[in-house]
Amino acid sequence: MAREIFDYSKSNPNDYEYYGFHLKDGRYHIDTKRLKKLHCDGSFPEALFSNPRNTHYFVPKHKNYSDYAINVLREQLNRLTSDWNKEYKDVISKITTPKEVMENVRTAELAYTTDVDDLDDIAFESLRAGLRREAKYNQVIKSIHLQYLQKIFTEFFRTILLVIKDRGYTDSIDFTYKSFFFYVQNRFNAETKRANPLYKLPHYRYFDILNKIDNFLKHNTVMSYNALANNPFEKDEKMKKFQASFVYTKKEAGFEYENGMYAGDWLKIGPTFVDETLTNLQEFANEFCELMYEENADEVYWNSDESLLKILKDNFYDLV
């Protein structure tokens, strides 16, 4: 049967059809040759025109942007990243630093003397004040970082649950890290942890370490400490060493960790760890969704009816 040729001469330039967007059974079928003829192709991803297909019209893989699991996870991580950069970092910047304390003491002392012989004493006292401030300052900063890491894990893990529920997961009464792990393992009929493809994802270790840090902060137990310091279930020595690098050892602390001790005092978290975690989780999300749903991170932002319509409307604003 011959393909129906659409007569664009009868189309209104303010209609989607004029640009080759034809609505059929609730989905858009796109005439990419029409976009090229109108010289609109530069506004769209090159892959729209180069992706192989068996039909004249290009039909996007999904209808909605959120039909891609990657996009759902990315949006949550983007919100967390935005809040961290715009809200939390702003709060942190307002906390009085050791250097500011040192300068405040120096300025105050200078205001009460005209004797140059006092300058050395003033410099010494201001230095002492700055050093006294340093421990408390670092403690406050670290507590904000740790609190936000727990927020990241909770919200990201919750979003993972929503994603897999939308795609067939049903046992959500008690959704734990362990049940999530076995869900993936069973999906691929893997018998052991080492056979589980989740374990083999390049950025899985960053998701795993965040879970262990969150668990340690919640429970403050020797067991949760050992899950980091000397994980008895971890056979991969490189992974074991990676996990242990996030807690102080008995030798470093001068004494052993005991039940009830505040986990935050035992965690080694640098000032850039939150930023690094958010970046690494973005990569893990890409890998996880490619593994589970064969999604391509390079095409999910555009290969849907919703995304392509948005590009069209953003570039040709007379459309209604």
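Conventions adopted
Residues numbered from 1 in each chain as written. Predicted model: local features only at pLDDT ≥ 70, side-chain atom pairs only at ≥ 80, totals over all residues. Heavy atoms only, no water. Helix = DSSP H or I, 4+ residues; strand = E, 2+ residues; numbered from the N terminus. Rg over C-alpha atoms; globule rule 2.2 N^0.38 Å. Salt bridge = Lys/Arg side-chain N within 4 Å of Asp/Glu carboxyl O. Buried < 20%, exposed > 50% of the residue type's maximum accessible area, 1.4 Å probe, protein only. Pairing = 2+ DSSP bridges. pLDDT = per-residue confidence, 0-100. Axes fitted to C-alpha atoms, helices over the stretch in contact; angles between N-to-C directions. Parallel < 35°, antiparallel > 145°, perpendicular 65-115°, else oblique. Left-handed = near helix turned anticlockwise from the far one by under 90°. Contact = heavy atoms within 4.5 Å. Phe/Tyr/Trp six-rings, centres within 6.5 Å; stacked < 30°, edge-to-face > 60°. Lys NZ or Arg CZ within 6 Å of the ring centre and 35° of its normal. Core = buried A, V, L, I, M, F, W, Y, C linked by side-chain atoms within 4.5 Å.

## Things to note about the overall build of the protein
Here is step 1 of the chain: Broken down by element type, the protein carries twelve helices and two strands.
Here is step 2 of the chain: Its helices and strands taken in sequence order, the protein reads β-β-α-α-α-α-α-α-α-α-α-α-α-α from the N to the C terminus.
Here is step 3 of the chain: Here the protein has a C-alpha radius of gyration of 28 Å; the compact-globule value for 320 residues is 20 Å, and the former is much larger.
Here is step 4 of the chain: Each of the three principal axes of the protein carries a C-alpha extent, and together these read 95 × 60 × 30 Å.

## Describing the pattern of salt bridges
Here is step 1 of the chain: Within the structure shown, the criterion is met by eleven salt bridges.
Here is step 2 of the chain: Its salt-bridge partner being Lys-151, residue Glu-155 comes within 2.6 Å of it at the nearest N-O pair. With Glu-155 and Lys-151 both in helix H5 (residues 119–166) and four residues apart, the pair spans about one turn of that helix.
Here is step 3 of the chain: In this structure Lys-151 comes out as partly exposed when scored by relative accessible area, which is 27%.
Here is step 4 of the chain: For the salt bridge of Lys-250 with Glu-256, the shortest nitrogen-to-oxygen distance reads 3.7 Å.

## Structural notes on the pairing of strand E2 (residues 27–30)
Here is step 1 of the chain: Residues Tyr-28 and Ile-30 line the buried face of E2, whereas the alternating positions Arg-27 and His-29 sit on a face that is not buried.
Here is step 2 of the chain: Counted along the chain from strand E1 (residues 21–24) to the antiparallel partner E2, the turn is two residues long, and its residue Asp-25 has a positive phi close to 55°.

## Considerations on the confidence of the model for the protein
Here is step 1 of the chain: Per-chain confidence: the protein averages 90 in pLDDT, with 93% of residues scoring 70 or above.
Here is step 2 of the chain: Here helix H4 (residues 98–110) stands out as the least confident element of the protein, with mean pLDDT 72; helix H11 (residues 273–293) is the most confident, with 98.

## Here we look at the packing of helix H7 (residues 204–219) against helix H8 (residues 222–229)
Here is step 1 of the chain: Between H7 and H8, whose axes approach to 8 Å, the crossing angle comes to 155°. Relative to H8, H7 is oriented roughly antiparallel. For the element pair H7 and H8, the recorded crossing hand is left-handed. On H8, the residues that touch Ile-209, Lys-212, Asn-215, Phe-216 and His-219 of H7 are Ser-224, Tyr-225, Ala-227 and Leu-228.

## Considering the packing of aromatic side chains
Here is step 1 of the chain: Scanning the model with the defined rule gives 38 aromatic pairs in all.
Here is step 2 of the chain: Both rings, one in Phe-153 and one in Phe-157, keep their centres 5.3 Å apart while their planes meet at 15°; by these two values the pair is stacked. In this pair, Phe-153 and Phe-157 are both assigned in helix H5, four residues apart and thus about one turn of the helix distant.
Here is step 3 of the chain: Among the aromatic residues, those joined into a ring-pair cluster are Phe-153, Phe-156, Phe-157, Tyr-169, Phe-175, Tyr-177, Phe-180, Tyr-183, Phe-207, Phe-284, Phe-288 and Tyr-293.
Here is step 4 of the chain: Over the ring of Tyr-18 we find Arg-34; its NZ or CZ atom is 4.7 Å from the centre of that ring.
Here is step 5 of the chain: Against the face of Phe-242 rests Arg-205, its NZ or CZ located 4.3 Å from the ring centre.

## Quick word on the nonpolar core
Here is step 1 of the chain: If you look at the biggest cluster of nonpolar residues, it comprises 62 residues, and the most contacted ones within it are Phe-207 and Phe-288.
Here is step 2 of the chain: Only helix H3 (69–93), H5, helix H6 (177–187), H7, H8, helix H9 (237–244) and H11 provide two or more residues apiece to this core.
Here is step 3 of the chain: With 14 residues, H5 is the largest single contributor of residues to this core.
Here is step 4 of the chain: With sequence-adjacent residues up to four places away left out, Phe-207 is seen in contact with Phe-153, Phe-156, Phe-157, Ile-160, Tyr-177, Phe-180, Leu-281 and Phe-284.

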